[in-house]
Amino acid sequence: MRVLTQDGGRVHATTQQRAADHRPYFFLSYAHTPGYGRGTDPDMWVERLFKDLCDHVLAMTDLPAGAPAGFIDREIRSGEGWSERLGEVLATCRVFVPLFSPRYFASEMCGKEWYAFAQRAIHHRARSNQRAEAIVPALWVPVPPSQLPGPAERLQFNHRDFGDRYVSDGLYGLIKLRLFAEEYERAVYELAKRIVNVADTIRIGTGRPVDYRLAPSAFGPPNSSVGGPRPMQVTIAAATRHDLPPGRNPDYYGDSPQDWNPYHPAAARPLAYVAEDLVRSLNYQATISSFDEETGHGEGKQPPSRPEILLVDRWALQDEDRCRRLAAFDAENRPWVTMIVPWNREDHESMAAEAELTEKLEQTMPTKMRQGRAYCRAAAKGVPSMEAFGQLLPQVVEVAAQQYLRHAAVYPPATGGGHTERTRLLGPMAQTNHTPETHDPATDAEDTDDGQS
């Protein structure tokens, strides 16, 4: 029998429940250090930390013999399917423990691990509308706040609870110097206590394993600069409960388009805010707006200021004024705006009207539908569930970002004689950078690209 008790609004697992749950308490995520030719294992200190944490977790819990206290990728044997194994553990472990260091946030693999785990918390919140943060960071090497990517910067965590020396030197500094042995033991003990507390009080469900090889990084694309999140607009073209066509169930709507919840009742959170969480998990800063209120739409074609995701409710086209404005927007042909059409297969009203509503969308927004079929067919066809929406959004975000980079305004540099310089993008997605012009045939062909794929 599974029994939960509550204490101050937090849910605690009983002894019987913990004993029956043999999932690893934590996944230790770290950046591999390259060898330097001395024959020693540069990550031996990480393995020692892992073993020390496991000892404490076992002492603090009633895990039975053989049940894993934690997981580290060094446990994957040579020849074992590492991608499948990592995906499985990230989908089931209770707490994610990233070891912060400059190398960590430069690692695409670490970003993939973070992303895979973070999706579980996002989907938990989408289903329950309750926040569940099960990431417990640890300082391996101190990192200046200005170098933290958005997902790490947003964590609410007080490292000073583990000691001042830990904050100034990190676990690596404490473990390497015998002088700080006592500070190391305190920090590891406090970290283990935090892991057990979070695991027993914040119980996010298991998820579907993410294909580690195809997963995006929570820190942004490879070779992108670590730091502040890049901007991304999320626009909602949806009806409200006040302007629904006759007979449409108002349970899917609220007082504003941002309250639209197409996956009700499986989801309790409006889709706009789920999309915001998903976009932020990719190291973007999302801005949420309504198509009805967006002043930049319907005023003629303008150079883009940021990439954009447009979420379209097919029922919203039943309003003739909104339909007319969406058609005018479509005629402007803004390829940096990628469209997603959420479509709940469990919504019987929508399924009954699917042919009619699909035809109206095709007639109203033929350009966006054509681009959608070219870039991401599933997004334009209709995304049938919240889970499918979460799996699809990274691909749509990437398309929007790439199209933005193709079409954003560029500003030529002032030249003062000598050599000419190639113009680089200036805007919120990139920093201005100039390099001496060279004549490489491949590069020249790229520079004359007209933006058509």
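Given the structure is predicted, the values throughout are model-derived calculations rather than measurements. Counting restarts for each chain, with residues numbered from 1 along the sequence as it is written. Since the coordinates come from a predicted model, pLDDT governs what is reported: local features require at least 70, and pairs of side-chain atoms require 80 or more to be given and counted, while whole-chain, interface and lining totals use all residues. The side-chain figures draw on all heavy atoms in the structure; neither hydrogens nor water molecules are used.

(A) Representation of the overall build of the chain in the model. A helix here means a DSSP run of H or I that spans at least four residues, while a strand means a run of E at least two residues long, and both kinds are numbered starting from the N terminus. Across its full length, the chain holds 16 helices and twelve strands. Residues are treated as being in contact if the distance between any of their heavy atoms lies within 4.5 Å. Contacts in the chain between residues far apart in sequence, at least 24 positions, make up 74% of those at least 6 positions apart. Surface exposure of the chain reaches about 22000 Å², of which carbon and sulfur atoms provide 50%. The method behind every accessible area is Shrake-Rupley, applied with a 1.4 Å probe, and residues are considered shielded solely by the protein chains displayed.

(B) Molecular detail of the pairing of strand β9 (residues 308-312). Note on exposure labels: buried denotes an accessible area under 20% of the residue type's maximum, exposed denotes more than 50%, and partly exposed covers the range between, all computed with a 1.4 Å probe on protein chains only. Taken across its five residues, β9 has five buried, putting it largely inside the fold. Along β9, one buried face is formed by E308, L310 and V312 and the opposite face, lined by I309 and L311, is buried too. Strands are treated as partners if at least two bridges between them are detected by DSSP. Here strand β7 (residues 230-237) runs beside β9; their pairing, made up of five bridges, is parallel. What sits directly across from A237, in β9, is V312. In this structure, β9 lies alongside strand β10 (residues 337-340), joined through four bridges in parallel fashion. Bridged to L310 within β10 is M339.

(C) Layout of unusual backbone geometry. H264 connects to P265 through a cis peptide bond whose omega is 5°. Its place among the elements puts P265 in the loop between β7 and α9 (271-280). If you check the backbone angles, N129 has positive phi at about 60° while not being a glycine. Topologically, N129 is positioned in the loop between α5 (108-128) and β6 (138-139). Positive phi values are uncommon outside glycine, yet N333 reaches one of about 55°. With respect to the helices, strands and loops of the structure, N333 is situated in the loop between α10 (320-331) and β10.

(D) The sheet that holds strand β3 (residues 26-29), seen in detail. Reading across from one edge, β4-β3-β5-β6 is the order of the four strands in this open sheet, with parallel pairing throughout. Of all the strands in the sheet, just β4 (70-71) and β6 have a single pairing partner and so form its edges. In the sheet, β3 pairs with strand β5 (residues 95-100) via four bridges, with the strands oriented parallel. Bridged to F26 within β5 is V95.

(E) Main features of the sheet that holds β9. Strand order across the open sheet formed by four strands is β8-β7-β9-β10, with parallel pairing between neighbours. Of all the strands in the sheet, just β8 (284-290) and β10 have a single pairing partner and so form its edges. With strand direction ignored, the average angle separating the axes of adjacent strands in the sheet is 25°. Each axis is a line fitted through C-alpha atoms, and for a helix only the stretch in contact is used; angles between axes span 0 to 180 degrees, taken between their N-to-C directions.

(F) Inspection of the packing of aromatic side chains at higher detail. A pair of aromatic rings is counted whenever rings of Phe, Tyr or Trp (Trp by its six-membered ring) have centres within 6.5 Å, and the orientation is called stacked for planes under 30 degrees apart, edge-to-face for over 60 and tilted otherwise. The full count for this structure, using the stated rule, is 15 aromatic pairs. Geometrically, the ring pair formed by F27 and F96 is stacked, given 5.9 Å between the ring centres and 20° between the ring planes. Separated by 69 residues along the polypeptide, F27 in strand β3 and F96 in strand β5 bring together distant segments of the chain. Of the two residues, F27 and F96, neither departs from the other in class, the shared state being buried.

(G) Fine view of empty space enclosed by the protein. In the cavity and pocket records, a cavity denotes points on a 1 Å grid over the protein atoms alone where a 1.4 Å probe fits but cannot get out, a pocket denotes an open set with protein on both sides within 12 Å along at least 5 of 7 lines, and lining residues are residues with an atom within 4 Å of a point. Grid points are joined across faces, edges and corners, and a volume is the space filled by probe spheres set on the points. According to the stated counting rule, one finds two cavities of 30 Å³ or more in the structure shown. Quantified by volume, the largest cavity comes out at close to 80 Å³. Together, V337, T338, M339, K368, Q371, G372, Y375, C376, A379, V396 and V399 line the largest cavity. If you list the elements that add at least two residues to the lining of the largest cavity, you get β10, α13 (366-375) and α15 (386-407).

(H) View of the nonpolar core. One finds F26, W114, L171, L311 and F389 to be the most contacted residues of the largest nonpolar core, which totals 109 residues. When sequence neighbours within four positions are dropped, the list of residues in contact with L171 reads L49, L99, A138, L139, W140, Y166, Y184, A187, V188 and L191. F291, F329, V337 and V341 belong to the second-largest nonpolar core, a separate cluster that totals 18 residues. In this description, a nonpolar core means a group of buried Ala, Val, Leu, Ile, Met, Phe, Trp, Tyr and Cys residues linked to one another through side-chain atoms lying within 4.5 Å.

(I) Main features of the side chain of R334. Note that R334 resides in the loop between α10 and β10. Given the relative accessible area of 8%, R334 is considered buried. Nitrogen and oxygen atoms within 3.5 Å of one another constitute a polar contact, given that in protein one can donate a hydrogen and the other can accept it, and given that sequence-neighbouring residues count only through two side-chain atoms. Of note is the side chain of R334, whose polar atom sits 2.7 Å from the side chain of E332.

(J) Seen up close, the packing of α5 against α9. Between α5 and α9, the shortest axis-to-axis distance is 10 Å and the interhelical angle comes to 170°. One way to sum up the angle between α5 and α9 is to call them roughly antiparallel. On the side of α5, the interface is formed by Q119, I122, R125 and A126, while α9 contributes V274, D277 and L278. Each residue is assigned to one of three groups, with Ala, Val, Leu, Ile, Met, Phe, Trp, Tyr, Cys and Pro labelled nonpolar, Asp, Glu, Lys and Arg labelled charged, and all others, Gly among them, labelled polar. Here the contact of α5 with α9 is composed, by residue class, of four nonpolar, one polar and two charged. We call two directions roughly parallel when the angle between them is under 35 degrees, roughly antiparallel when it is over 145, roughly perpendicular when it lies between 65 and 115, and oblique otherwise.

(K) Structural detail: the side chain of S217. Within the secondary structure, S217 sits in the loop between α8 (181-201) and β7. Residue S217 is classed as buried on the basis of its relative accessible area, which comes to 8%. Within the structure, S217 has its side chain in polar contact with the backbone nitrogen of F219 (distance 3.0 Å). Dropping the residues within four chain positions of it, S217 is found in contact with E108, G111, K112, Y115 and L282.

(L) Highlighting the environment of G254. By secondary structure assignment, the location of G254 is in the loop between β7 and α9. For G254, a relative accessible area of 7% translates into the label buried. Placed 15 residues apart in sequence, G254 and A239 show a C-alpha to C-alpha distance of 8.6 Å. The contact partners of G254, leaving out residues within four places of it in the chain, are T240, R241 and D259.

(M) Region of interest: the packing of helix α2 (residues 44-60) against α8. In contact at an axis separation of 9 Å, α2 and α8 are set at 55° when each is read in the N-to-C sense. The angle between α2 and α8 falls in the class oblique. When you trace α2 past α8, the crossing you get is right-handed. Contacts between α2 and α8 involve R48, L49, D52, L53, H56, V57 and M60 on the former and, on the latter, Y184, E185, V188, Y189, L191, A192, K193, I195 and V196. Of the residues belonging to the contact of α2 with α8, the class tally is eleven nonpolar, one polar and four charged. Crossing chirality is assigned from the near helix's rotation relative to the far helix, an anticlockwise turn below a right angle marking it left-handed and a clockwise turn marking it right-handed.

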